[in-house]
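# Summary of the model geometry
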Amino acid sequence: MNKKVAIVMGSDSDWPVVKGACSVLKDFGIAYEARVLSAHRTPAAAADFAKNARSNGFGVILCAAGMAAHLAGAFAANTTLPVIGIPMKGGAMDGMDALLATVQMPSGFPVATVALNGAKNAAYLAVAILAVADEELAQKLEQFRADTVAATAKKDAAIRAEAAAL
């Protein structure tokens, strides 16, 4: 059975950024489930989801939250699955508080952390984690990276040609 990815947001206001992770996972053929669960507003539901994530077929959990950003840590406290925190921009510190809260986890309960609003990179990291045990997915990731290198080389050649013509 292929593992799914859980994409959890503390608020639906995170959706415009987080849906980018859904697009990445879809491109790789990875099933996902997107939810709004709050470490503060729905702590029991969030804990229940995290505690049962493995038995419900999930392999990685992405948690997007802003400001105090307790969501990823709350999930890490309730599952042994890899948790990737996506600190969201906004609030009084424009996301710096969320970034710092997400990276500062106690020893033994880590949360991998991506950049502010880094939902797409969180999804790519989830792909890499799942690819460890899935050779077909690993090949898709290798092809994606090779395509990215080729596209960058093409852009470089175009810029160099344009610059030389000036």
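All values reported here derive from a predicted model rather than from experimental measurement. (Residues numbered from 1 in each chain as written. Predicted model: local features only at pLDDT ≥ 70, side-chain atom pairs only at ≥ 80, totals over all residues. Heavy atoms only, no water.)

Take the overall build of the protein next. Counting its secondary structure elements, the protein contains six helices and five strands. Ordering the α and β elements of the protein from the N terminus gives β-α-β-α-β-α-β-α-β-α-α. Each of the three principal axes of the protein carries a C-alpha extent, and together these read 60 × 45 × 30 Å. Within the span of the protein, comprising 166 residues, buried residues form 37% of the whole. Considering only residue pairs separated by 6 or more positions, the protein has 68% of its internal contacts joining residues 24 or more positions apart. Of the roughly 9200 Å² of accessible surface on the protein, a fraction of 57% belongs to carbon and sulfur atoms. Computed over 15 positive and 14 negative side-chain charges, the separation of the two mean positions in the protein equals 3 Å. (Helix = DSSP H or I, 4+ residues; strand = E, 2+ residues; numbered from the N terminus. Buried < 20%, exposed > 50% of the residue type's maximum accessible area, 1.4 Å probe, protein only. Contact = heavy atoms within 4.5 Å. Areas by Shrake-Rupley, 256 points an atom, 1.4 Å probe, with all protein chains shown as cover. Lys, Arg positive; Asp, Glu negative; His and termini not counted. Charge placed at Lys NZ, Arg CZ, Asp CG, Glu CD.)

Moving on, we come to the pairing of strand 4 (residues 83-88). In terms of burial, strand 4 is a largely internal element, six of the six residues being buried. Burial of the side chains of strand 4 extends over both faces: Val83, Gly85 and Pro87 are buried on one face and Ile84, Ile86 and Met88 on the other. In terms of strand pairing, strand 3 (residues 58-66) meets strand 4 through six bridges, oriented parallel. Bridge pairing in strand 4 places glycine 66 opposite methionine 88. With helix 3 (residues 71-76) bridging strand 3 and the parallel strand 4, this β-α-β connection has right-handed handedness. Where strand 4 meets strand 5 (residues 112-113), two bridges bridge the pair, whose relative direction is parallel. (Pairing = 2+ DSSP bridges. Right-handed = clockwise from strand over helix to strand, strands pointing away.)

Quick look at the pairing of strand 3 now. Counting buried residues along strand 3, eight of its nine residues qualify, which places the element largely inside the surrounding structure. Here strand 1 (residues 4-9) pairs with strand 3 via six bridges, running parallel. Its bridge partner being in strand 3, methionine 9 is matched across the sheet by alanine 64.

Tracing the backbone shows threonine 102 in helix 4 (residues 96-103). On the accessibility criterion, threonine 102 (3% relative accessible area) is buried. Apart from residues no more than four positions distant in its own chain, threonine 102 is found in contact with Ala69, Gly85, Pro87, Val111 and Thr113.

This structure, assessed with the given rule, holds five aromatic pairs. One aromatic cluster in this structure is built from Phe28, Tyr124 and Phe144. One Lys or Arg, lysine 4, reaches over the ring of phenylalanine 58 and ends 4.3 Å from the middle of that ring. (Phe/Tyr/Trp six-rings, centres within 6.5 Å; stacked < 30°, edge-to-face > 60°. Lys NZ or Arg CZ within 6 Å of the ring centre and 35° of its normal.)

Spatial relationships are all this shows, so hold off on functional conclusions.
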